[in-house]
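# Remarks on the overall topology
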Amino acid sequence: MTGARIDIDLDRIEYNTRLLVASCAEAGISVAGVSKSTCGSPAVARAMLRGGVVQVADARLDNLARLRRNGIAAPLILLRSPTPAEAERTVALADISLNTELGTLSALSHAAQAQGRRHGVVLMVDLGDLREGVLPAEVLRYAEQVLSLPGITLQGIGANLACISGIQPTVDNLDNLVYLAGEMRRRLGVALPIVSGGNTFSLPLLEAGKMPAGINHLRLGASIMLAASPTPPRLYASLDRQAFTLSAPVIEDKIKPGRPYGLSGEDSFGRRPSFDEVADQPSRRLILAIGREDIDPDGLQPVDPNLDILGASSDHLLVEASAAGTDYHLGSEVAFTPDYGALLAAMTSPYVEKCYLQARQAVPRAEVLALFDSDLGPPSLAAALRSEGLAAALAAVGWGLVDGAADAHERSLPVYLSHRIWPDFALAVPVAPACGLIIFTPTARYGDAVDWPAENVVMVGLRDLFLTERDEQVAARQLLTVEDIDRHGIARLLPPAVAQAMHGLPHIHVHFDRAVMAGQDMAAGLTYREAHLAMEIIHELAVLRSVSFGGFDAGSAPALNGLLLSLLGRKVAKPASRS
Ligand SMILES: *Cc1c(COP(=O)(O)O)cnc(C)c1O
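Notes on the structure in this doc start here.

Cut-offs and rules
- Residues numbered from 1 in each chain as written.
- Predicted model: local features only at pLDDT ≥ 70, side-chain atom pairs only at ≥ 80, totals over all residues.
- Heavy atoms only, no water.
- Buried < 20%, exposed > 50% of the residue type's maximum accessible area, 1.4 Å probe, protein only.
- Helix = DSSP H or I, 4+ residues; strand = E, 2+ residues; numbered from the N terminus.
- Arc of directions from axis to C-beta.
- Contact = heavy atoms within 4.5 Å.
- Phe/Tyr/Trp six-rings, centres within 6.5 Å; stacked < 30°, edge-to-face > 60°.
- Lys NZ or Arg CZ within 6 Å of the ring centre and 35° of its normal.
- Salt bridge = Lys/Arg side-chain N within 4 Å of Asp/Glu carboxyl O.
- Near = heavy atom within 4 Å.
- Polar contact = N/O pair within 3.5 Å; in protein donor to acceptor, adjacent residues only side chain to side chain.
- Areas by Shrake-Rupley, 256 points an atom, 1.4 Å probe, with all protein chains shown as cover.
- Core = buried A, V, L, I, M, F, W, Y, C linked by side-chain atoms within 4.5 Å.
- Pairing = 2+ DSSP bridges.
- Axes fitted to C-alpha atoms, helices over the stretch in contact; angles between N-to-C directions.
- Expected span 1.5 Å × (residues − 1).

This next bit is on helix H6 (residues 139-147). Turning to H6, its buried residues are Val139, Tyr142, Ala143 and Val146. Within H6, the buried residues cover an arc of 100 degrees as seen down the axis, which keeps them to one side. Buried residues belonging to H6 abut helix H5 (102-115), strand E6 (119-124), strand E7 (152-158) and helix H7 (171-188).

Here the focus is the packing of aromatic side chains. Within the structure shown, the criterion is met by five aromatic pairs. Aromatic pair phenylalanine 440 and phenylalanine 512: ring centres 5.3 Å apart, planes at 35 degrees, arrangement tilted. Of the two residues, phenylalanine 440 is situated in strand E20 (residues 435-440) and phenylalanine 512 in strand E23 (residues 507-513); the sequence distance between them amounts to 72 residues. The pair formed by phenylalanine 440 and phenylalanine 512 is uniform in burial state, with each residue classed as buried. Through successive ring pairs, a cluster of aromatic residues spans Phe440, Phe512, Phe549 and Phe552. Over the face of the ring belonging to tyrosine 236 we find arginine 241, whose NZ or CZ atom lies 4.1 Å from the ring centre. It is arginine 292 that lies over the ring of phenylalanine 269; its NZ or CZ is 5.1 Å from the centre.

Next up on the list: the pattern of salt bridges. What the rule picks out here adds up to 18 salt bridges. Between arginine 12 and aspartate 240 there is a salt bridge, with the nearest N and O atoms lying 3.2 Å from each other. Note that arginine 12 is positioned in helix H1 (residues 10-26) and aspartate 240 in the loop between helix H10 (233-238) and strand E10 (244-256), a separation of 228 residues in sequence. You can call aspartate 240 buried: its relative accessible area is 19%. Ionic pairing is found between arginine 271 and aspartate 267, a salt bridge with its closest N-O pair at 3.3 Å. Arginine 271 sits in the partly exposed class, given a relative accessible area of 40%. Several salt bridges share partner residues, and in doing so they unite Arg5, Asp7 and Glu333 into one network.

What follows deals with the site of the ligand. Close contacts around the ligand come from 14 residues, with Lys36, Thr200, Arg219, Gly221 and Ala222 the closest. A distance of 3.3 Å separates a nitrogen atom of the ligand from a polar atom in the side chain of asparagine 160. Threonine 200 places a side-chain nitrogen or oxygen 2.5 Å from an oxygen atom of the ligand. Burial of the ligand by the protein chains amounts to 92% of its free accessible area of 390 Å².

The biggest cluster of nonpolar side chains holds 152 residues, and the ones touching the most others in it are Ile13, Leu288, Phe440, Leu494, Phe512 and Phe549. Not counting the four nearest positions on each side in its chain, leucine 288 is found in contact with Ala248, Pro249, Val250, Ile251, Asp315, His316, Leu317, Val319, Val334 and Phe336. Among the nonpolar cores identified, the runner-up in size contains eleven residues, and Ala59, Leu79, Met124 and Ile194 belong to it.

As a further point, take the sheet that holds strand E19 (residues 413-418). Judged by pairing direction, the sheet is parallel, and its eight strands sit side by side in the order E18-E17-E19-E24-E23-E20-E21-E22 without closing on themselves. Edge positions in the sheet fall to strand E18 (400-403) and strand E22 (479-481), since each of these pairs with one other strand and no more. Within the sheet, the average angular offset between the axes of one strand and its neighbour, ignoring direction, is 15 degrees. The sheet contact formed by E23 and strand E24 (residues 544-550) spans six bridges and is parallel. In the sheet register, valine 510 faces E24, and the bridge partner there is valine 547. Sitting on the sheet, helix H19 (residues 557-567) touches strand E17 (368-373), E19, E23 and E24, and the angle it makes with E24 is about 165 degrees.

Right, let's get into H5. Its 14 residues place the ends of H5 20 Å apart at the C-alpha level, agreeing with the 20 Å of an ideal helix rising 1.5 Å per residue. For H5, the set of buried residues is Thr104, Leu105, Ala107, Leu108, Ser109, Ala111, Ala112 and Gln115. In this fold, the buried residues of H5 make contact with helix H4 (87-93), strand E5 (96-99), E6, H6 and E7. Looking one or two residues past H5, glycine 116 carries a phi angle of roughly 65 degrees, positive in sign.

So this is what it looks like as structure tokens:
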């Protein structure tokens, strides 16, 4: 290594997210994953999305811009209220922002109208911590005003506690939030889908089983990243605390006197250190090439229990290593677990290299698509795709194209094609083991012959579903109807659905029946845009192992090509971004 480095273990972040999402789900709570401690890292956002968060949230517009620029299509929340001057950028980048000022809301309304968008707003209520929020007595008046603003949708209310005055979330204050939400629904007739009950500090209530019913959303950062305090005991014990490791190289390794010598005065930070407590014995001191410019030394815990941090100046970190034996020498690296503050600082420091680790076998990056025509005899759908220019379009996004039967190899992405639809087609598709299944289909014909663990299957785009059938399968949370999608949007529903299908598995197979799209038989289905957005979201989760398309014919080859390209990362419409 050449300098300081932070290792970011994406699998551990995904694991933590999954665990917290599952605990929250038991209480009817969905989770926004907060990326601000990683400066809006897209890789971390993807890991959280694979773990099942429904939105990614960050306090800064620049971080949201980074997420969008890097292809995160999931809903984004801006946590810190924007200034009125940032309204345009907020509307362009965030789906939802947390707000407390009518002046800003009115600027957001203008910006939303100008951009032809609807911007979601969560009205923050102060519950005693005296950071952001309108006072409870004012909430209805504010909400009425928000409702009168065109271009703005009042999505919910929320609260933030414990951040500035240490006022904890309690049954009382969160009950009050639920009560206010109820009043708003009753008096103003709004749906108010989000009642956001805080951050990591709300987890002790959750673990104690005391979260007031009606709180249906939390915004979690520190618990996902570090299981940081006040993550309660049971969750703390099961969460992984080693997702981040900071390391720095040894630039000096010497035995020196235990106490400094010479005329004593102030240090470089204006303090007068005292060494009266320090044993007057020679000790081994390591100097590491990292300092206060990069981290807060008080926020670091050496991974090796034989090491102790002595102190740091701007560019040097001193470590007591008398007990460490021969493990360290000039140039070797010393590892630390950062706390939240040190994590923030290290992620922000341009001098600390960011190194992303992911043990989970990455999905083939071979960037060769292998077409398998699963129908016997002509007309060949694969040939139709080729004659519609698939090879050239793929080449433009850096992918090759081969004929599956002849040239497929281990590192290609298999694409199975057929006129037949699910579940008839299912048997012809050799889905690799260790894959969750996402099936885009209008009918709930699961297919008895499809031998797959029910918990690893999600069906998307269903219509004409009999209620009993739904009740049974909804219990396993695996059906997304067109109505669900109308109500909540594919971008919000799909990431957690994929996370559900992947439970315990590293990859997914996607099956897409053409009939799931609108316009085939006059019945409402997924729009063209929704289908593409779904493919883009699956691409961005980077978990696709194989894919099959059913019910397409030569006439629909152009549409199929478009879907395939979205699945490989081509954007139909880039999110507007002024950054
Ligand atoms: C930072 C932040 C969070 C996340 O808090 P954690 O303690 O990291 O879970 C949630 N909400 C708001 C408004 C925030 O600013």
